[in-house]
Amino acid sequence: MASYKKRTDNSIASGELRHRITFLARKVTVKSGIAKETWEPAFSCWAMVEPLNSREFWQAAALSREDEQRVTIRYRRDIDETMRIAFRDVTYSIVSIVDPNARNIKLEMLVKSILPDGKVKDNGQSRGCCGAG
């Protein structure tokens, strides 16, 4: 029987990265003086996509971040907060990127889903009294 130990070296087991995600890069084209923004696939990679645990969820909810997930990938230098992530027909905006312990082993990203028009989901937070608005 194999014994499984909790990893303390901050590494990633290959079986943990079981979701295929695509990073999208913003591209602006100008034609006849009119700028058009598109999001084009930059690259795809394997990732671990998981919802925030209950403690993290409630801390995030205090900051109006109810719709966030954590995405973990192997370390890459070519990722920044201006990119988006496509996963299972949902597009996510990158809120933050962390390199745990600055060891260049993995990146943990906090992401938030966005609507097709590019806006972050509202979840009814900005309505006035009694749901009007």
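Our subject is the structure that appears above.
A brief report on the enclosed structure follows. (Residues numbered from 1 in each chain as written. Predicted model: local features only at pLDDT ≥ 70, side-chain atom pairs only at ≥ 80, totals over all residues. Heavy atoms only, no water.)

Section: the overall build of the protein chain
Within the protein chain, the secondary structure is distributed over one helix and six strands. Going from N to C terminus, the protein chain has its helices and strands arranged as β-β-α-β-β-β-β. Long-range contacts, defined here as pairs at least 24 residues apart, represent 55% of the contacts in the protein chain between residues at least 6 apart. Total accessible area on the protein chain is roughly 9,400 Å²; 49% of this is exposed by carbon and sulfur atoms. (Helix = DSSP H or I, 4+ residues; strand = E, 2+ residues; numbered from the N terminus. Contact = heavy atoms within 4.5 Å. Areas by Shrake-Rupley, 256 points an atom, 1.4 Å probe, with all protein chains shown as cover.)

Topic: the packing of aromatic side chains
Counted under the stated rule, the structure contains one aromatic pair. Taken together, a centroid distance of 4.7 Å and an interplanar angle of 25 degrees make the contact between Phe-23 and Phe-43 stacked. Taken together, the residues span a long stretch of sequence, with Phe-23 in strand 1 (residues 19–31) and Phe-43 in strand 2 (residues 34–51) at a distance of 20 residues. When the ring centre of Phe-43 is taken as reference, the NZ or CZ atom of Arg-76 above it lies at 3.6 Å. (Phe/Tyr/Trp six-rings, centres within 6.5 Å; stacked < 30°, edge-to-face > 60°. Lys NZ or Arg CZ within 6 Å of the ring centre and 35° of its normal.)

Here we look at the nonpolar core
Residues Ile-21, Phe-23, Val-71, Ile-73, Ile-79, Ile-85 and Met-109 are the most contacted members of the largest nonpolar core, which totals 17 residues. Elements with a contribution of two residues or more to this core: strand 1, strand 2, strand 3 (68–74), strand 4 (84–87), strand 5 (90–98) and strand 6 (106–114). Among the elements that take part in this core, strand 2 stands out by supplying four residues, more than any other. Those residues in contact with Val-71 that lie beyond four places of it in its chain are Ile-21, Ala-47, Met-48, Val-49, Ile-85, Leu-107, Glu-108, Met-109 and Val-111. (Core = buried A, V, L, I, M, F, W, Y, C linked by side-chain atoms within 4.5 Å. Buried < 20%, exposed > 50% of the residue type's maximum accessible area, 1.4 Å probe, protein only.)

Section: the sheet that holds strand 3
In space, the six strands of this closed barrel follow the order 1-2-3-6-5-4, with antiparallel pairing throughout. Neighbour-to-neighbour, the strand axes of this sheet turn through a mean angle of 45 degrees, independent of strand direction. Bridge count between strand 1 and strand 4: three bridges; the pairing is antiparallel. Of the residues in strand 4, the one forming a bridge with Phe-23 is Ile-85. (Pairing = 2+ DSSP bridges. Axes fitted to C-alpha atoms, helices over the stretch in contact; angles between N-to-C directions.)

A look at the pattern of salt bridges
Side-chain pairs of opposite charge can arise where the charged atoms are in close proximity. Per the counting criterion, the structure on display carries five salt bridges. Between Glu-40 and Lys-27 there is a salt bridge whose closest N-O contact spans 3.9 Å. Of this pair, Glu-40 sits in strand 2 while Lys-27 sits in strand 1; the two residues are 13 residues apart in sequence, bridging distant segments of the chain. Owing to a relative accessible area of 35%, Glu-40 belongs among the partly exposed residues under this scheme. Judged by relative accessible area, which is 38%, Lys-27 ranks as partly exposed. The partner of Glu-50 in a salt bridge is Arg-70, and the shortest N-O contact between them spans 3.0 Å. (Salt bridge = Lys/Arg side-chain N within 4 Å of Asp/Glu carboxyl O.)

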